[in-house]
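Commentary on secondary and tertiary structure
Here is what each chain is made of, one letter per residue.
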Amino acid sequence: MTRRILVVDDERVFATAVGEYLNRHGYSTVINYSGEQALRTIEEEPPDLVVLDYCLPQMDGLSVLRKIKEGHPKILVIMMTAYGTGQAEVEAMKLGAFDYIYKPVDLHALRLVAEKAVDTLYKPR
Amino acid sequence: MKLEKTGLSRPLANASLTTRFGVYSFVCIAIMTAVLWYIVSRNLTTDMLDREWETTAKFVRAEVEWHMNPEDFTAQDFGAVAPKFEQLHRQIIMMPDLVRIKVYNRQGMIIWSDEDRLIGTSFPDNAELQEAFGGRIVVHMSPIAKGENIYERGPLNGLVELYVPIFSADKKKIIGVIEAYKSSDNFFKDIERARTAVLIVALGGGLLLYVALFAVVRQASRKISEQQANLLKMQSELVASQRMAAVGETAAAVAHGIGNPLSSIRATAQLSMLDCGDQNGRDLAEKMQFNLQNIIHQVDRVQGRMHELLNFVKPLEPHPSPVDLNSLLREQIETLRSRFGEAGVSCHLRLDEKIPKVRVDPNHLEQALAGLLSNALEATPRGGSVTVGTGVSSPSGRSRGVNISIEDTGEGIPIENRARVFEPFFTTKPHGTGVGLSLTKKFIERNGGMLSISDGSNGGTRMEVAIPLT
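Residues numbered from 1 in each chain as written. Chains lettered and ligands numbered in written order. Predicted model: local features only at pLDDT ≥ 70, side-chain atom pairs only at ≥ 80, totals over all residues. Heavy atoms only, no water.

So, the interface of chain A and chain B
Taken residue by residue, the interface counts 18 residues in chain A and 22 residues in chain B. Buried surface at the junction of chain A and chain B, summed over both partners, amounts to about 1,700 Å²; 62% is from carbon and sulfur atoms. On inspection of chain A and its partner chain B, the count reaches one salt bridge. With a shortest N-O distance of 3.7 Å, Arg266(B) and Asp106(A) are connected by a salt bridge. (Contact = heavy atoms within 4.5 Å. Buried area = accessible area lost by both parts, 1.4 Å probe. Salt bridge = Lys/Arg side-chain N within 4 Å of Asp/Glu carboxyl O.)

Below, the structure is given as structure tokens:
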């Protein structure tokens, strides 16, 4: 079963590259450039996993994460932060993020985290 | 001519508050003491003298009243009244220090004296005698030069003349004057003793006042200096924290500004590397792979710098726990072992196994020690060595603590750079950020420790971390 991953980042080149990379590794990816757009996508066709940037225009990553977890608690979310202040990561984990990863993202590492996340979906919760 | 404000015209202008107060108050108190001594001793002398003369005069008058009649002073035949005067004389000289008397009649002629040669003579130019005829008791010091005292010179030096007017029974008329000579030696010795006592008291009081005031001013001056130093320290800390805040803002902006592009570069490059696997031309693929690998490497470097900068401005809240510094050092050296090997630098351990555990944040100390070890390694040329030691400082003293020393055999740090090596953004390395050592210092200080720099025993640099045992 092909797992669906939603990549949300306003950095278009990066988002595209991430989508492409995950695609090539057997995932079906959707790319969104804003939080609002992502929430609409989730409502229309919920993904298994969301790779979400912390820093987004208008609605920030944490707010998007909160909304996702309110409406679809089963969707897994991996947060991406530009630099580690400690606070953002703690907050994200408190809100129910699966994991976080620092930018610039090593796509290989991201794939491993994504795999780990997806693996949990096979196991009964 | 206009006077220049030179050092000579105002010698104390640049002196400290304590010195100025010391000099000015000394002069003032010295003047005050001298004036006080002068006034008190003068009054004392005058009082003592007045009382002395008055007592003597009263005594003389009482004796005259007892032994003599007013007619005795007007008798023409001096020989007839002589026995009575002799009787008077015997009584009067019973008074201490009284040595001689002369009895004058109203005409100023000596009608009796214990010096016979004077009887019948008169000295009209004796001003004191004339004054006594006016009704006042007259005292005259150092009278020896006077003509009437021709027989008192020599053995009777240091005499005081006391003229006591003798009144008639109705106290309206002066019938004669008795001049008594008093030896002043003992008396003036008493006065001198009193004056000396006053002088000692005045000097003692002045000195006490001076010492007390000086102590108060010195204490105040120290307090002021302390407060000034604190103020300066606070100001410099404020400036430093403002600078830090500015650096923090800049760093955050830089991180945000370059972080995203870096993400894109890296992701694209990684994707391209994936593409390389699909290319047919193997050489092209290899070349591309090499270049892309380079891009990734460069990006990681920029990322590393960025993190270093952000760590520097991040508030460091230590979470202390008991830490074995020897183990921590061994772990850090183990991590760097391959780098030591590549650089051809040996590492010697001189660890004191008896050092107690210290309460610090292990992560902070780890980063600080990693930084110091890495610096030492970079400073040491091939074939050189880095010596790492631990020990207990002042084992019995109050400031008991644990010391870590890291010594290299590099070129050392020039003295002019020593004060600056801990400043943020100061570096002598071509590719350094200048953050490392200042961050290390911050880590150590936040954990209550101190970082100091000195010459190594083999010409290199010795960095010493002192952590107190609380």
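Concerning the nonpolar core
A general feature of soluble globular proteins is that nonpolar side chains tend to end up buried together. All names here are of chain B. Counting residues in each nonpolar core, the largest one holds 35 residues, and the members touching the most others are Leu325, Leu372, Val388 and Ile406. Per-element accounting of this core gives the leading share, seven residues, to helix H8 (residues 362–379). In this structure, Leu325 is in contact with Ile355, Val358, Leu365, Val402, Ile404 and Ile467, ignoring residues within four places of it in sequence. Listed in part, the 30 residues of the second largest apolar core include Met48, Trp112, Ile175 and Ala180. (Core = buried A, V, L, I, M, F, W, Y, C linked by side-chain atoms within 4.5 Å. Buried < 20%, exposed > 50% of the residue type's maximum accessible area, 1.4 Å probe, protein only. Helix = DSSP H or I, 4+ residues; strand = E, 2+ residues; numbered from the N terminus.)

Observations regarding the sheet that holds strand E11 (residues 450–455) of chain B
Residues and elements named next belong to chain B. With respect to topology, five strands assemble into an open sheet ordered E7-E9-E10-E12-E11, the strand pairing being mixed. Looking at strand neighbours, the two that pair on one side only are strand E7 (346–350) and E11, the edges of this open sheet. With direction set aside, neighbouring strand axes in the sheet form an average angle of 15 degrees. Sheet topology note: the strand E10 (residues 401–408)/strand E12 (residues 461–468) ladder contains seven bridges and is antiparallel. Across the sheet, the residue bridging to Ile404 is Val465, located in E12. Strands in contact with helix H6 (residues 325–335) are E7, strand E9 (385–393), E10 and E12; relative to E9, the strand with the most contacts, it is inclined by about 170 degrees. The sheet strands contacting helix H10 (residues 436–446) are E11 and E12, and the helix crosses E11 at an angle near 130 degrees. (Pairing = 2+ DSSP bridges. Axes fitted to C-alpha atoms, helices over the stretch in contact; angles between N-to-C directions.)

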